[in-house]
Amino acid sequence: MLRSRAITTSSRCFSTSASAKWAGPFPRPIPAGIPLDIHPEVLQAQAEGRPIVALESTLITHGLPPPHSLDLPVQCEEILRAQGVTPATIAIIDGRIKVGLTHAELSLLADKGFAARSDGGKSLWKVGRRELGAAVVKKMVGGTTVSGTMAVAHMAGIKIFSTGGIGGVHRGAETSFDISSDLISLSDTPVAVVCAGSKSILDIGLTLEYLEAHAVPVAGFGTDDWPAFYTPKSGFKAPMRLDGAVQAAETILMTDRLGLPSSLLLGVPIPEPYHAVGEALQVAVEQAVRESEENGMSKSGKSATPWLLERVGQLTKGNAVESNKALIKNNVKVGGEVAIEYAKLLKQESTGSSSFVPAISGTPRGNSTTSSVPSSPISAFPTTSPLAVVGSLAIDVTMTPNSSSPLLTTAPGSIRLTLGGVAGNVAGAARSIGIDDVVLVAPVGNDLFGTVAKEGLAKRSMRTDGLVSRRSEATGSCGYLLDAKGELIGGVADMGITEEMTGAQVVDRLHVLEPRVVCFDGNLSSSTMADILSLSQEKRFSTFFEPTSDAKALRVLAALESLPSGAIPPTISYSTPNIHELTSLYTHMRNSEHPLYEAGPWFDGITVRADALAARLPEWILKEGVVQMAVQLLPVIRTIFVKSGSRGVVVVQRVSGVDAVAGWVRESWTKGIPLVVAKSDTDPGEAVVIRHFDALKLNDDAVGTVTGAGDNLAGAMLAALVRGWSPDVPSDLTAIVDLAQKAAITTLKSFEAVGDHSNLAPLLPAA
């Protein structure tokens, strides 16, 4: 039934460039089927615009000996977290591309790296960009090199990457043609790399010449000299000098704005306490290089570098390892500093002026001149309402050319302006079904789109007295560019205004509205969500969370975790994640030790038996772990409606009360119903109920739009809840899901984000 097409937009993306060689400077949309696992911690940081630094993993698998192969990566991640930066260590594990690793995964790589020394590395790959595809297909475990890490970081939208030293042109390359793929990646992948210069085993002069020939921006960090890994001076000058993290971040951003395909290579000298030993280490490097030429190791390709580093370590009796560790930790620290400044620049772009002015050396930086005008309601505070929907309201601009076009200039076609935003669509659907007094609490700017948004609400016959005016900010908007067939080419979303709406502004309105149900979407900040949840305990209203996206779904868990530990934590009454959002929520909870996620005594006597699930539910529900994940979330979300597209809706909920549990037990006696009831062995008034509803049929040729179907499903559910239907009652749950699926179908058949649901209004109980 619910056919959904993922539309991934970003308020900020890299500039286009015709000279890009493999993916261009755009972070490419990630197609379905790519086995990419982005850790919830990284997703949360991306959703909140916080700094992130990518880290490689060949350091773990092929670089340092134990115990350093595990201790150092852990220390690097700790350095970043202490700065307020999220680490994203990248690796391949069982054919899945990992962005952000657990401690167990770091340990796995270290153990595999040690074991692989005995089999020549056959069981553990060193994965550069070249090997990525095969490593996935063959389900390998591998550490990513500089080029492999850059490729994945770019795919995942991470801009800053810290490593030890880069590969380059090897000595004797004029006859062997041994040139590291790191240099190719530096020329065509827009990920900034922070390193200790070129590894001293390389031909540094030719490496710099190659980088110059391929127009790679290369700079020394606070130095005129190009570093050589163990020593601060290689004998070659750095092409440029950048003083400080601010200047480096500004250079990265400006390089993007100019549409250039590469980013910045920043050379950081090894810390001063290790300068003296660098001379002795360089002597050992030269000896190791000579030995590699004599024994043929120099011609062994990617095995040469690990061999040389290990031999240098032997010749220096471990001094090389200590220097290696010191420079890596220093590079990680500098990478964190640059990422912090880069995140600040992006934040200024989204909330401040439209122009970016680089700092002039020697000129003090003042505070931004942009003043924040206090927000105020559009009109007087609203009167009471049974349903409040809080979140984003946006204007959607959809552009479709009449025929295929390179779009290097304007092309004839159609442009449609529609009202959108998750909360706007949800509230609109509830209004269309018959909840006349639903109130939307959403921010609007004092701009043209703000006027259009208010007019759009009026055309839907909706109240506008819950809107929050943000005079200094732009109304939320999304621009979509489609091809002539209606498929998405790309888009830009500017939704920063929703995150800026404060909890106080929302709470003030909810105090007056006195709603029975409050729905809020994932576009809100975690702090605003926390204020809503705290108020729900005081005012005893039900809460309904619409996650919006994988990353934004995690904001609600951050909100719950931020509440005072002494109080009884609130639970979210209802939520409507899709399977991907459910996975994101579950993964975060599984990796957290927060006491919030302890199930409590009610869960102790409940066993959800696998044989019962297999006997009563469709096979895909078990294979994809839907029930397993949802049940673990019941301590914080009481009823979960898992939107599953054309496979229907899966409901997993906690049911309390002897009569309610008995009603579900009787329902389970009916043959053919995909229903599992897991009663508590210790409390007759507690049970977990799992119910699957097939999708309603819809022909593909009947689909007019895929935008807003999930929002309309949520809006219909809210309408049913406000009118008194309860998911605790079997017949009511069936009616709720049936109404919601019909609303989604109506929207799919229309060309609007909110369908005309007036024909569904008679299905609701009377007000």
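These notes cover the structure that comes with them. (Residues numbered from 1 in each chain as written. Predicted model: local features only at pLDDT ≥ 70, side-chain atom pairs only at ≥ 80, totals over all residues. Heavy atoms only, no water.)

Moving on, we come to the overall build of the protein. Broken down by element type, the protein carries 26 helices and 27 strands. For the protein, the residues scored as buried account for 55% of the 767 residues in total. The long-range fraction of contacts in the protein, counting pairs at least 24 apart against all pairs at least 6 apart in sequence, stands at 76%. For the protein, the computed accessible surface area is about 32000 Å², with 54% contributed by carbon and sulfur atoms. (Helix = DSSP H or I, 4+ residues; strand = E, 2+ residues; numbered from the N terminus. Buried < 20%, exposed > 50% of the residue type's maximum accessible area, 1.4 Å probe, protein only. Contact = heavy atoms within 4.5 Å. Areas by Shrake-Rupley, 256 points an atom, 1.4 Å probe, with all protein chains shown as cover.)

Its location among the elements puts valine 216 in the loop between α9 (204-213) and β9 (218-221). Residue class for valine 216 comes out buried when judged on its relative accessible area of 8%. Along the backbone, valine 216 and serine 263 are 47 residues apart, and their C-alpha atoms lie at a distance of 7.1 Å. Beyond its immediate sequence surroundings of up to four residues, valine 216 is in contact with Leu186, Ser187, Leu211, Ser262, Ser263 and Leu265.

The subject of this paragraph is the pattern of salt bridges. It is possible for side chains of opposite charge to pair when their charged atoms get near one another. Taken as a whole and judged by the stated rule, the model has 25 salt bridges. Between arginine 81 and glutamate 77 there is a salt bridge whose closest N-O contact spans 3.5 Å. Placement of both arginine 81 and glutamate 77 in helix α3 (residues 68-83) is noted, with a separation of four residues, approximately one turn of the helix. By relative accessible area, which is 38% here, arginine 81 ends up partly exposed. The salt bridge involving glutamate 499 is made with arginine 555; its shortest N-O contact spans 2.9 Å. With glutamate 499 in helix α16 (residues 496-500) and arginine 555 in helix α19 (residues 550-562), this residue pair connects regions lying 56 residues apart in the sequence. Residue classification places glutamate 499 among the partly exposed residues on the basis of a relative accessible area of 24%. It is possible to trace a salt-bridge network through shared partners that takes in Asp37, Arg96, Lys98 and Glu105. (Salt bridge = Lys/Arg side-chain N within 4 Å of Asp/Glu carboxyl O.)

Attention now moves to the packing of aromatic side chains. Aromatic rings in a pair are described by how distant their centres are and how their planes are angled relative to each other. A complete count under the given rule lists three aromatic pairs for this structure. Judged by centre distance (4.9 Å) and plane angle (70°), the ring pair of phenylalanine 229 and tyrosine 230 falls under edge-to-face. What makes phenylalanine 229 buried here is its relative accessible area of 4%. On the basis of an interplanar angle of 40° and a centroid distance of 6.2 Å, the ring pair of phenylalanine 544 and tyrosine 574 is categorised as tilted. Pair noted here: phenylalanine 544 is in strand β22 (residues 542-546) and tyrosine 574 is in strand β23 (residues 572-575), with a separation of 30 residues, a long-range link. The exposure class assigned to tyrosine 574 is buried, which follows from its relative accessible area of 14%. Its guanidinium or amino end placed over the ring of tryptophan 620, arginine 647 lies 4.0 Å from that ring's centre, counting from NZ or CZ. Against the face of phenylalanine 693 rests arginine 691, its NZ or CZ located 4.1 Å from the ring centre. (Phe/Tyr/Trp six-rings, centres within 6.5 Å; stacked < 30°, edge-to-face > 60°. Lys NZ or Arg CZ within 6 Å of the ring centre and 35° of its normal.)

This part covers the sheet that holds strand β21 (residues 517-521). On the basis of which strands lie adjacent, the open sheet formed by nine strands has the order β16-β13-β21-β22-β23-β24-β25-β27-β26 and mixed pairing. Where the open sheet ends on each side, the last strands, each with one partner, are β16 (439-441) and β26 (675-679). Neighbour-to-neighbour, the strand axes of the sheet open up by a mean angle of 15°, direction not taken into account. Pairing of strand β24 (residues 637-643) with strand β25 (residues 649-656), which is carried by five bridges, proceeds in the antiparallel orientation. By the bridge assignment, lysine 643 is partnered in β25 with valine 649. Packing against the sheet, helix α18 (residues 526-539) makes contact with β13 (387-390), β21, β22 and β23, and its axis sits at approximately 165° to β21. In this fold α19 packs onto β21, β22 and β23, with an angle of close to 145° to the strand it touches most, β22. (Pairing = 2+ DSSP bridges. Axes fitted to C-alpha atoms, helices over the stretch in contact; angles between N-to-C directions.)

Cis geometry is adopted by the peptide bond preceding proline 67, which originates at proline 66 and carries an omega value of 0°. Tracing the sequence through the fold places proline 67 in the loop between α2 (58-63) and α3. Even without glycine at this site, glutamate 514 takes up a positive phi of about 50°. Checked against the element boundaries, glutamate 514 lands in the loop between α17 (503-513) and β21. The backbone of threonine 548 shows a phi angle near 80°, a positive value even though the residue is not glycine. Residue classification places threonine 548 among the partly exposed positions, given a relative accessible area of 25%.

Turning next to the nonpolar core. Within the largest apolar cluster, 104 residues are counted, with the highest numbers of intra-cluster contacts made by Val99, Leu265 and Val688. Here valine 688 is in contact with Trp602, Phe603, Ile606, Val608, Val631, Leu634, Val652, Gln653, Val676, Val677 and Ala678, once residues within four sequence places are set aside. Grouped together as the second largest cluster of nonpolar side chains are 60 residues, Trp664, Leu713, Val722 and Leu760 included. (Core = buried A, V, L, I, M, F, W, Y, C linked by side-chain atoms within 4.5 Å.)

With eight of eight residues buried, strand β27 (residues 686-693) lies mostly within the body of the structure. Here β27 shows two buried faces, one formed by Glu686, Val688, Ile690 and His692 and the other by Ala687, Val689, Arg691 and Phe693. The pairing of β25 with β27 spans eight bridges and is classified as antiparallel. What sits directly across from valine 652, in β27, is isoleucine 690. Pairing analysis gives five bridges linking β26 to β27, with the strands arranged antiparallel. By the bridge assignment for β27, lysine 679 is matched with alanine 687. Between β26 and β27, which pair antiparallel in sequence order, lie six residues.

The next point concerns helix α8 (residues 181-188). Within α8, six of the eight residues are buried, leaving the element largely enclosed by the surrounding structure. Residues of α8 that are buried: Asp182, Leu183, Ser185, Leu186, Ser187 and Asp188. Two or three places before aspartate 182, at the start of α8, stands the capping residue serine 180, its side-chain oxygen 3.0 Å from that residue's backbone nitrogen. (Polar contact = N/O pair within 3.5 Å; in protein donor to acceptor, adjacent residues only side chain to side chain.)

Before going further, it helps to examine the side chain of asparagine 330. Inspection of the secondary structure puts asparagine 330 in helix α13 (residues 319-351). Beyond its immediate sequence surroundings of up to four residues, asparagine 330 is in contact with Val268, Pro269 and Pro271.

So, on to the environment of leucine 70. Summarising the element assignment, leucine 70 is placed in helix α3. Assessed through its relative accessible area of 21%, leucine 70 is described here as partly exposed. Residues leucine 70 and leucine 108, 38 residues apart in the sequence, show an inter-C-alpha distance of 9.3 Å. Not counting the four nearest positions on each side in its chain, leucine 70 is found in contact with Leu106, Ser107 and Ala110.

It is worth spelling out the packing of helix α14 (residues 422-433) against helix α25 (residues 709-722) at this point. Close contact between α14 and α25 brings their axes to 7 Å; oriented N to C, the two are set at 50°. Overall, the two elements α14 and α25 adopt an arrangement that is oblique. For the pair α14 and α25, the crossing hand works out as right-handed. In contact with Val422, Asn425, Val426, Ala429, Ala430 and Ile433 of α14, α25 contributes Asp711, Asn712, Ala714, Gly715, Ala716, Leu718 and Ala719. (Parallel < 35°, antiparallel > 145°, perpendicular 65-115°, else oblique. Left-handed = near helix turned anticlockwise from the far one by under 90°.)

The next subject is α18. For α18, which comprises 14 residues, the first-to-last C-alpha distance of 20 Å matches the rise-based estimate of 20 Å (1.5 Å per residue) to within 8%. Within α18 the residues assigned to the buried category are Ser526, Thr528, Met529, Ala530, Ile532, Leu533, Leu535 and Ser536. Two residues or fewer after α18 comes arginine 540, characterised by a positive phi angle close to 60°. (Expected span 1.5 Å × (residues − 1).)

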